[in-house]
Amino acid sequence: MSATTAPAAVRPAAARPRLVRWLLRLHRPALLAWTALVVLGAALLLWLAGPLTDAAAEGWRQYDACGYAPKCAYDQDAILRYKDWYGYATTALDVLPLVVAAWAGAALTGRELESGTARLAWAQSTAPARWLAVRLAVPAAAVTTGTCLLFWLHHRVWTAGRGRIDTAKSWADFGTFYANGPAVAGLAVAGLAAGVLAGLLLRRTLPALVTGTLATAGVWGLAHALMPHLWPAVTAVGGLDRGVPGTGIVVEEGLVTRSGAHLPLPRCGSSADCDTAYAHAVGQFRTYHPYAHYWPLQLVTTALLLAVAGLLVLGSFLVLRRLAGPKTGESPA
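For clarity, every value in this text was computed on a predicted model and none was experimentally measured. (Residues numbered from 1 in each chain as written. Predicted model: local features only at pLDDT ≥ 70, side-chain atom pairs only at ≥ 80, totals over all residues. Heavy atoms only, no water.)

## With respect to the state of the cysteines
Within this structure, the stated rule accounts for one disulfide. The disulfide partner of Cys66 is Cys72, and the gap between their sulfur atoms is 1.8 Å. Taking the torsion about the S-S bond as the criterion, the Cys66 to Cys72 disulfide, at about -75 degrees, is left-handed. (Disulfide = S-S within 2.5 Å.)

## Quick notes on the packing of helix H4 (residues 76–115) against helix H6 (residues 128–161)
Taken N-terminus to C-terminus, the directions of H4 and H6 make an angle of 175 degrees; their axes are 11 Å apart at the nearest point. One finds that H4 runs roughly antiparallel with respect to H6. Across the interface between the two elements, Tyr82, Tyr86, Thr90, Leu93, Leu96, Val100, Trp103, Leu108, Thr109 and Glu112 of H4 pack against Trp131, Arg135, Pro139, Val143, Thr147, Leu150, Phe151, His154, Val157, Trp158 and Gly161 of H6. Considered class by class, the residues forming the contact of H4 with H6 number 14 nonpolar, five polar and two charged. (Axes fitted to C-alpha atoms, helices over the stretch in contact; angles between N-to-C directions. Helix = DSSP H or I, 4+ residues; strand = E, 2+ residues; numbered from the N terminus. Parallel < 35°, antiparallel > 145°, perpendicular 65-115°, else oblique. Contact = heavy atoms within 4.5 Å. Nonpolar A, V, L, I, M, F, W, Y, C, P; charged D, E, K, R; others polar.)

## A few points about the pairing of strand E4 (residues 281–289)
Of all nine residues making up E4, eight are buried, and the element is well covered by its neighbours. As judged from the five bridges shared by strand E1 (residues 234–238) and E4, these two strands associate in the antiparallel manner. Looking at E4, one finds that Gly238 is bridged to Gln284. Judged from the eight bridges that link them, strand E2 (residues 249–257) and E4 form a sheet pairing that is antiparallel. Residue pairing for E4: Gly254 is matched across the bridge by Phe285. (Buried < 20%, exposed > 50% of the residue type's maximum accessible area, 1.4 Å probe, protein only. Pairing = 2+ DSSP bridges.)

## Overview of a positive patch on the surface
Judged by side-chain charge, Arg18, Arg21, Arg25 and Arg28 come together as a positively charged surface patch. On the secondary structure map, Arg25 appears in helix H2 (residues 19–26). (Patch = residues over 30% accessible without salt bridge, like charges linked within 9 Å, V, L, I, M, F, W, Y side chains within 5 Å. Areas by Shrake-Rupley, 256 points an atom, 1.4 Å probe, with all protein chains shown as cover. Salt bridge = Lys/Arg side-chain N within 4 Å of Asp/Glu carboxyl O. Lys, Arg positive; Asp, Glu negative; His and termini not counted. Charge placed at Lys NZ, Arg CZ, Asp CG, Glu CD.)

## Description of the sheet that holds E4
The antiparallel open sheet is built from four strands, whose spatial order is E1-E4-E2-E3. With one partner strand each, in any of the chains shown, E1 and strand E3 (262–264) form the two edges of the open sheet. For this sheet, the mean inter-axis angle between neighbouring strands, taken without regard to orientation, is 35 degrees. Two strands pair when backbone bridges link them, and E2 and E3 are joined in this way by three bridges, in the antiparallel orientation. Of the residues in E3, the one forming a bridge with Leu255 is Leu263.

## Describing the environment of Arg258
Position of Arg258 relative to the elements: it lies in the loop between E2 and E3. A C-alpha to C-alpha distance of 6.4 Å links Arg258 and Ala281, two positions 23 residues apart in sequence. In this structure, Arg258 is in contact with Ala279, His280 and Val282, ignoring residues within four places of it in sequence.

## Concerning helix H8 (residues 183–202)
Taking 1.5 Å per residue, 20 residues should reach 28 Å; H8 reaches 28 Å between its end C-alpha atoms and fits that length. Most of H8 sits inside the fold, with 18 of its 20 residues counted as buried. At the C-terminal side of H8, Arg203 shows a positive phi close to 55 degrees. (Expected span 1.5 Å × (residues − 1).)

## With respect to the pattern of salt bridges
With the rule as written, the count across this model stands at four salt bridges. The closest approach of N and O atoms between Asp54 and Arg164, which form a salt bridge, is 3.1 Å. Here Asp54 is found in helix H3 (residues 28–66), whereas its partner Arg164 is found in the loop between H6 and helix H7 (174–179), with 110 residues between them in sequence.

## Things to note about helix H9 (residues 205–226)
Counted at 1.5 Å a residue, the expected span for H9 with its 22 residues is 32 Å, and the 32 Å between its end C-alpha atoms agrees. Where H9 is concerned, the buried positions are Ala208, Gly212, Thr216, Val219, Trp220 and Ala223. Along H9, the residues classed as buried sweep out an arc of 105 degrees about the axis, all on the same side. Away from the buried face of H9 by more than 90 degrees, exposed residues Leu206 and Leu214 are located. For H9, the elements touching its buried residues are H4, H7, H8 and helix H11 (294–324). (Arc of directions from axis to C-beta.)

## Section: the packing of aromatic side chains
Scanning the model with the defined rule gives 16 aromatic pairs in all. Between Trp171 and Tyr291, the ring centres sit 5.9 Å apart and the planes meet at 65 degrees, which makes this aromatic pair edge-to-face. Here Trp171 is found in the loop between H6 and H7, whereas its partner Tyr291 is found in the loop between E4 and H11, with 120 residues between them in sequence. A relative accessible area of 7% means that Trp171 is categorised as buried. (Phe/Tyr/Trp six-rings, centres within 6.5 Å; stacked < 30°, edge-to-face > 60°.)

## Focus: the nonpolar core
Ranked by size, the top nonpolar core spans 66 residues in total, and within it Leu48, Tyr82, Trp131, Phe177, Val196 and Leu200 carry the most contacts. The element that contributes the greatest number of residues to this core is H8, accounting for twelve residues. With residues near it in sequence (within four places) discarded, Leu200 still touches Thr109, Leu113, Trp131, Leu132, Ser316, Val319, Leu320 and Leu323. (Core = buried A, V, L, I, M, F, W, Y, C linked by side-chain atoms within 4.5 Å.)

Here is the structure:
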């Protein structure tokens, strides 16, 4: 009796599929494409941080040395080449979270639910909650590793050109800010969670792809709108003729009256309207974030995006519980 019952007792554990290995085999093309994308992006950014930046900086040195000479030779091609490739690399890194969301919605959950592969896995001694946890954890590790490497290299590119290239983007530039720090990694994780939730809700490939991408774009827009208010800004005051000192991410700007009150900038329809609007003003003010706030803004924005990702993950498990039944977290007996 013991010889026949012992194998039966261990059969469920032995038959339990190795979910991580199965997931990697099922999505091998996506894993290879992601690896190739990260490697090519890293190579481009290293090229930008080295030879391209040095050539462009030398071109600007030649140009600045020309002064007002009517005819002066400088390496304009190197300057334009750096500008173009910096723009390509920045745009590609900023778009990565949308690509992650599209793939997660279309392939990671949407296609498996549409084709019935997911329910087949659930029927083979795989708890649905465990099935979803693996689909979130493994891609999240790959996405986080890849985007962290790329934003670190992009920040190196920007630092290498700062102060050496006259047309280098400001740290406060929209595309540069997100490509330069961990916020892009947080957005990629939020995009993964949004795509997974869209796939679970819609259970169809194309609608989940579109919905996950649009939801990620919406999260990005919300984070960008809230970002200037997530950290205390500084206020600088200047005269009407001298302007306001300080540059960075502007939160608010306007006029200062004789009583010290701050008024928003008037919208003048004519010069007479402007004269009336500025009659009681004695100066201007600007509330903004200087470069010293770069890392605090990056970190609080990343924390916000990860919090949104956590809510999306929670929503995914709740939707899965409705799809698979109340005992989502239990393995079949």
